Amino acid sequence: QSTLVIAEHTTESLTPITLNAISAAKCLGGEVSCLVAGTNCDKVAQELCKVQGVAKILVAQHDAYKGLLPEELTPLILATQKQFNYTHICAGASAFGKGLLPRVAAKLDVAPISDIIEIKSPDTFVRTIYAGNAVCTVKCDEKVKVFSVRGTSFDAAPISGGSAALEKVSAPSPVGQSEWVEQKLSKSDRPELTSAKVVVSGGRGLKSGDNFKLLYDLADQLHAAGKKTRLLIGQRLLLLAPELYIAVGISGAIQHLAGMKDSKTIVAINKDPEAPIFQVADYGLVADLFKVVPELTEALKKK
Amino acid sequence: MAASGLRALVGVKRVIDYAVKVRVKPDKTGVVTDGVKHSMNPFCEIAVEEAVRLKEKKLVSEVIVVSCGPQQCQETIRTALAMGADRGMHVEIPPKDYENLGPFQVAKILAALAKKEGVNLVLLGKQAIDDDCNQTGQMTAALLDWPQGTFASEVTVDGEHLTVEREIDGGLETVQLKLPAVVTADLRLNEPRYATLPNIMKAKKKKIDVMKASDLGVELTSRVKVLSVEDPPQREAGVKVESVDALVAKLKESGHI
């Protein structure tokens, strides 16, 4: 039994979800290898060598891997699989992993398993369906198990203490069907939503966009206190599991609750005592947000 | 290839309506579907809308819509026809097989149909809101050996290429794909229209071909088996606090501030 983890990176550094995927791979038992493909992989390969629990780092360098396009990475993974015969292939369930793994699986003639939250045994996985409103356990009898890993469900593998061996793998000839043009990442001194320790989320109770200033002030205050804080505005189907989730003026529609139920602590501020959000909140404050949010910001300042 | 020569195949899935609170069956074999409102998967609606807009811009000459599943899928196909698709195809799946029908089998059907119909664009939703798999588009592209523009927030047709802006973690990415290609729609690609009454009437006259997976040479066996479907662990409601001070005290106690 052996597992290949496909590393996600920005050329400059390893994307954190890769460490969660490595942890999931370690749960399976057997040897864990990591494949790093890119235009210039040295830095990331060195970083990966030190990650605990990884036996081997396979490095494939080619200009065709610019942007880590699935059309180009798939033949590389297939060639690697042919050579090493892994029983499992996985990656983080990010846009990268979700885009890539089903393509690889189809080429291997197997059905993949998406976004797993638990590994019961090497062929039995747990995942959520209906936006987290049900939990499904599946048994996969495919010859190779291909799966993506929900980052918030597995701890990150420690980034020191490892001593993996490096091995070069040759790149198959480029496919040339697709070309990476550009990437526009939202620039912010704030952490990524999915990695924020604290998320302040505002809903309809705020009435107009101008009132979001109230939340920015609160978020800034928490951020200044050394907690990586992000503000979430509007409803996006996002899965968040921060340490602290503050829902302001959110009544708690089903989709919303599904996205944040894994938060460690939930605070809800809403003037409607019957709002569904109070059914999941650890601390609920029934009050007019326009009054109490500034009070809370002030109280945090004084602290 | 002239852009107006593009022909599009759009996949649509019939799912439990997004506003319904799903209930897990007591025997844990799945969720309750009987007597529950079903609709077109919202991401599929976006895919249909995009195909129809491309047709209105004369970049696509024909929009064929396909659904795989029981008889009722024809209602979902009719909805797409009322939105402006030209004709429908229903791949009827017997109930016994439908239980185990996964994205891989659907991808095989879509790839076979894409070849049979000679389309050069397959448009799908990025994922279904029931199984949340997010796989069908990628697998269809793999089976056809076509490039894939997943999680699209903007699609531009430009001669023999598609430029696709994609939603990725923390921002947007632009890729250029050689046609033929598979595109999967994300939430912000467009806002689907409502079908008007005249268009709903017109859609009744449009043709829906019915076929079986075996007619397309697709085997429906699955090697992934659902062992159980359960309720997620419930969070228990905590306490209501009386004031901001009490809230701050609680947050201090639990080490959050």
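Here we summarise the structure given alongside this text. Keep in mind that this is a model prediction, so the values were computed, not measured.

Thresholds applied
Residues numbered from 1 in each chain as written. Chains lettered and ligands numbered in written order. Predicted model: local features only at pLDDT ≥ 70, side-chain atom pairs only at ≥ 80, totals over all residues. Heavy atoms only, no water. Helix = DSSP H or I, 4+ residues; strand = E, 2+ residues; numbered from the N terminus. Rg over C-alpha atoms; globule rule 2.2 N^0.38 Å. Buried < 20%, exposed > 50% of the residue type's maximum accessible area, 1.4 Å probe, protein only. Contact = heavy atoms within 4.5 Å. Buried area = accessible area lost by both parts, 1.4 Å probe. Salt bridge = Lys/Arg side-chain N within 4 Å of Asp/Glu carboxyl O. Polar contact = N/O pair within 3.5 Å; in protein donor to acceptor, adjacent residues only side chain to side chain. Nonpolar A, V, L, I, M, F, W, Y, C, P; charged D, E, K, R; others polar. Phe/Tyr/Trp six-rings, centres within 6.5 Å; stacked < 30°, edge-to-face > 60°. Lys NZ or Arg CZ within 6 Å of the ring centre and 35° of its normal. Core = buried A, V, L, I, M, F, W, Y, C linked by side-chain atoms within 4.5 Å.

### Some points on the overall build of chain A
1) Next: Check the secondary structure of chain A and you find 7 helices and 15 strands.
2) Next: Relative to its length of 303 residues, chain A is compact, with a C-alpha radius of gyration of 22 Å against a globular reference of 19 Å.
3) Next: Principal axes of the C-alpha set define a box for chain A whose edges measure 65 × 40 × 35 Å.
4) Next: By the burial criterion, 56% of the 303 residues in chain A qualify as buried.
5) Next: Long-range contacts, defined here as pairs at least 24 residues apart, represent 65% of the contacts in chain A between residues at least 6 apart.

### Remarks on the interface of chain B and chain A
1) Next: Of the residues lining the interface, 73 residues belong to chain B; the matching set on chain A comes to 80 residues.
2) Next: At the boundary of chain B with chain A, total buried surface from both sides reaches about 6,200 Å², with 56% on carbon and sulfur atoms.
3) Next: The three residues of chain B that bury the most area against chain A are Arg 223, Arg 235 and His 256 of chain B, which together make up 13% of that side's buried surface.
4) Next: Connecting chain B to chain A are 3 salt bridges.
5) Next: Taking the shortest distance from any N to any O, the salt bridge between Lys 107 of chain A and Asp 145 of chain B comes out at 2.9 Å.
6) Next: Linking chain B with chain A are 38 residue pairs in polar contact (both at pLDDT 80 or more).
7) Next: Elements with a minimum of two residues in the side of chain B that touches chain A: α4 (103-117), α5 (136-144), β7 (148-158), β8 (161-168), β9 (171-178), β12 (224-230), β13 (239-241) and α7 (244-253) of chain B.
8) Next: By residue class, the composition of the side of chain B that touches chain A is 35 nonpolar, 15 polar and 23 charged.

### A closer look at the packing of aromatic side chains
1) Next: Going through the model one piece at a time under the given rule, you end up with 2 aromatic pairs over all chains.
2) Next: A ring pair is formed by Phe 125 of chain A and Phe 147 of chain A, whose centres lie 5.0 Å apart and whose planes are at 35 degrees; its orientation type is tilted. Within this pair, whereas Phe 125 of chain A is found in strand β6 (residues 124-129), its partner Phe 147 of chain A is found in strand β8 (residues 145-149), the two being separated by 22 residues in sequence.
3) Next: Across from the ring centre of Phe 104 of chain B, 4.3 Å away, lies the NZ or CZ of Lys 108 of chain B, which sits over that ring.

### Regarding the nonpolar core
1) Next: Counting 73 residues, the largest nonpolar core has Ile 6, Ile 22, Leu 48, Ile 57, Leu 73, Ile 89 and Phe 147 of chain A as its most contacted members.
2) Next: Ranked by residue count, the leading element in this core is helix α4 (residues 95-107) of chain A, at 6 residues.
3) Next: Once residues lying within four places of it in the same chain are set aside, the contact partners of Ile 57 of chain A are Cys 34, Val 36, Ala 45, Leu 48, Cys 49, Ala 164, Ala 165, Leu 166 and Glu 167 of chain A.
4) Next: Counting residues in each nonpolar core, the second largest holds 41 residues, with Leu 6, Val 10, Ala 47 and Ala 85 of chain B among its members.

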